[in-house]
Amino acid sequence: MKAAVYWGPKRLEVQDIPDPQCGPDEVIVRVEACSVCGTDIRIYNHGQNNVRPPQVIGHEIAGTIAECGSNVRGYSRGQRVTVATPVGCGQCRYCRREMPNLCKDFKALGYHFPGGYAQYMPIPAAAVQQGSILLLPDSVTFEQAALVEPLSCVINGQEYVRIEKADSVAIFGAGAIGCMHAVLARAQGAGQIFLIGVSRERLDLARRFPIDAYWSILDGDPVARVLEATEGYGADVAICCCSDPEANRQALQVAAKRGRVSFFAGLPKSRPTIEFDCNRLHYAEISLFGAFASNLRQYREALAAIASGRVNPSPFITDRFPLEGLEQAIRQSETRKGLKMLSLPQL
Ligand SMILES: [Zn+2]
Ligand SMILES: [Zn+2]
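Residues numbered from 1 in each chain as written. Chains lettered and ligands numbered in written order. Predicted model: local features only at pLDDT ≥ 70, side-chain atom pairs only at ≥ 80, totals over all residues. Heavy atoms only, no water.

### Remarks on the overall build of the protein
- Summing up its helical and strand segments, the protein has twelve helices and 17 strands in all.
- Taking 347 residues into account, the globule formula puts the C-alpha radius of gyration at 20 Å, and the protein, at 20 Å, falls close to it.
- Projected onto the principal axes, the alpha-carbon positions of the protein cover approximately 60 × 40 × 40 Å.
- Scored against the burial criterion, the 347 residues of the protein give a buried share of 54%.
- In the protein, the proportion of contacts linking residues at least 24 apart, taken out of those at least 6 apart, comes to 70%.
- Accessible area of the protein: about 15,200 Å², with a carbon and sulfur share of 49%. (Helix = DSSP H or I, 4+ residues; strand = E, 2+ residues; numbered from the N terminus. Rg over C-alpha atoms; globule rule 2.2 N^0.38 Å. Buried < 20%, exposed > 50% of the residue type's maximum accessible area, 1.4 Å probe, protein only. Contact = heavy atoms within 4.5 Å. Areas by Shrake-Rupley, 256 points an atom, 1.4 Å probe, with all protein chains shown as cover.)

Written out as structure tokens, the structure reads:
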């Protein structure tokens with residue numbers, strides 16, 4: 001089969017590799033679409049401890065079951081599916097609660113296990129067993145299903161910040177994830193939504209979504225703008241979807257009294273700390289949350305939200321590439337041209 005093999009930072013080669021073999025407890029998926037994630041870009045540029053080359057990366061997957069192992073029950077060849085990324089040990093307290101994303105021995109498809117930038121990918125026994133394979137309703141296309149993973153992560157982040165009707169929401173980071181947060185916040189009944197980014201070009205792309213303000217930090221202090229737009233109260237919810245320590249600090253600064261702040265994105269490993277005024281948290285009763293990946297229930301909710309039309313992922317998809325174009329897609333994402341890029345390995 002054809003695969004884009006990751007050989008280390010800045011080395012991605014499209015080559016023929018042996019088809020994956022299906023063990024008795026495994027499933028093989030023919031990949032129809034795999035969407036490019038911010039972490040793929042990070043792996044491509046800098047490498048990642050969880051990815052040992054040579055490896056096929058890519059974890060936002062949709063496809064068709066091509067083969068089921070002899071012990072596998074409940075699935076059959078030809079079924080259209082998406083697959084959850086985290087693979088847990090199945091034993092620890094988090095795995096027992098369907099939260100493999102918090103497993104003490106966390107592993108993931110497209111990191112420790114081969115991913116979706118290939119024509120076929122093996123689904124390991126542990127993933128099959130924990131219920132990672134989700135069947136797609138007919139109404140959901142492969143392209144839409146490839147965005148179940150990012151949407152499930154956004155759902156995870158927003159569960160913590162509990163957006164209520166008419167809440168104002170400030171989102172830092174105008175990429176696909178920031179926009180997805182905006183769309184979900186709108187579906188939750190949010191009031192004013194402010195999208196704060198750097199690239200004006202990217203903010204223009206975000207105009208396809210129902211957002212109230214698009215602000216580039218190049219045009220002025222975003223904290224002052226949020227305060228001004230909220231009569232000095234600040235935002236009820238602030239979500240940080242960019243790996244910038246300054247944005248994390250600003251998210252805390254724009255939070256209203258009783259505001260909820262999500263540090264949705266990680267910071268670079270080399271600079272993971274920020275300084276902030278703890279007294280603001282104390283006196284203004286601000287809550288601060290983290291979020292990492294998503295659990296299996298949230299995957300099911302994301303798929304249901306797409307199937308019901310509550311969230312339409314199609315406007316997020318701006319570009320499609322065959323495997324040969326993956327490197328270009330990654331570079332294009334980096335330069336902030338486009339939102340979600342889809343690799344279509346069968347092209
Ligand atoms: Zn992702
Ligand atoms: Zn576990």
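Back to the text.
### Some points on the coordination of the zinc ion (ligand 2)
- For the zinc ion (ligand 2), the full set of protein donor atoms is C89 (SG), C92 (SG), C95 (SG) and C103 (SG), at a range of 2.3 to 2.4 Å.
- Here the zinc ion (ligand 2) binds four donor atoms, and the angle range of 102 to 115° at the metal identifies the geometry as tetrahedral.
- Counting gaps between the donor residues of the zinc ion (ligand 2) yields the pattern C-x2-C-x2-C-x7-C. (Donors = N, O, S within 2.8 Å, 3.2 Å for Na, K, Ca; no water. Tetrahedral: all angles 85-135°; square planar, octahedral: opposite > 155°, others 65-115°.)

### Considering the coordination of the zinc ion (ligand 1)
- Protein coordination at the zinc ion (ligand 1) comes from C37 (SG), H59 (NE2), E60 (OE) and E149 (OE), with a distance range of 2.1 to 2.6 Å.
- The site at the zinc ion (ligand 1) holds four donor atoms, and with the angles between them running 76 to 160°, its shape is irregular.
- Read from N- to C-terminus, the donor residues coordinating the zinc ion (ligand 1) fall into the pattern C-x21-H-E-x88-E. Of the two residues, H59 is situated in the loop between helix 1 (38-46) and strand 4 (60-68) and E149 in helix 5 (residues 148-161); the sequence distance between them amounts to 90 residues. Accessibility assignment for this pair places H59 and E149 in one class, buried.

### Some thoughts on the packing of helix 8 (residues 222-229) against helix 9 (residues 245-254)
- At a closest axis distance of 9 Å, the pairing of helix 8 and helix 9 adopts a crossing angle of 20°. The orientation of helix 8 relative to helix 9 falls into the category roughly parallel. You can see that helix 8 and helix 9 cross each other, and the crossing is right-handed. On the side of helix 8, the interface is formed by P222, V223 and V226, while helix 9 contributes Q250, Q253 and V254.
- The class makeup of the residues in the contact of helix 8 with helix 9 is four nonpolar, two polar and no charged. (Axes fitted to C-alpha atoms, helices over the stretch in contact; angles between N-to-C directions. Parallel < 35°, antiparallel > 145°, perpendicular 65-115°, else oblique. Left-handed = near helix turned anticlockwise from the far one by under 90°. Nonpolar A, V, L, I, M, F, W, Y, C, P; charged D, E, K, R; others polar.)

### Considering the pattern of salt bridges
- With the rule as written, the count across this model stands at 15 salt bridges.
- One salt bridge in this structure joins R30 and E32, with 2.8 Å as the shortest N-O distance.
- Note on R30: relative accessible area 30%, which makes it partly exposed.
- The exposure class assigned to E32 is buried, which follows from its relative accessible area of 17%.
- Where E301 meets R297, a salt bridge forms, and the shortest distance between an N and an O atom there is 2.9 Å. Of this pair, E301 and R297 both sit in helix 11 (residues 296-307), four residues apart, which is roughly one turn of the helix.
- The partly exposed category is assigned to R297, whose relative accessible area is 33%.
- One salt-bridge network, held together by shared partners, links E159, R297 and E301. (Salt bridge = Lys/Arg side-chain N within 4 Å of Asp/Glu carboxyl O.)

In short, the description is geometric, and any link to function would need to be established separately.
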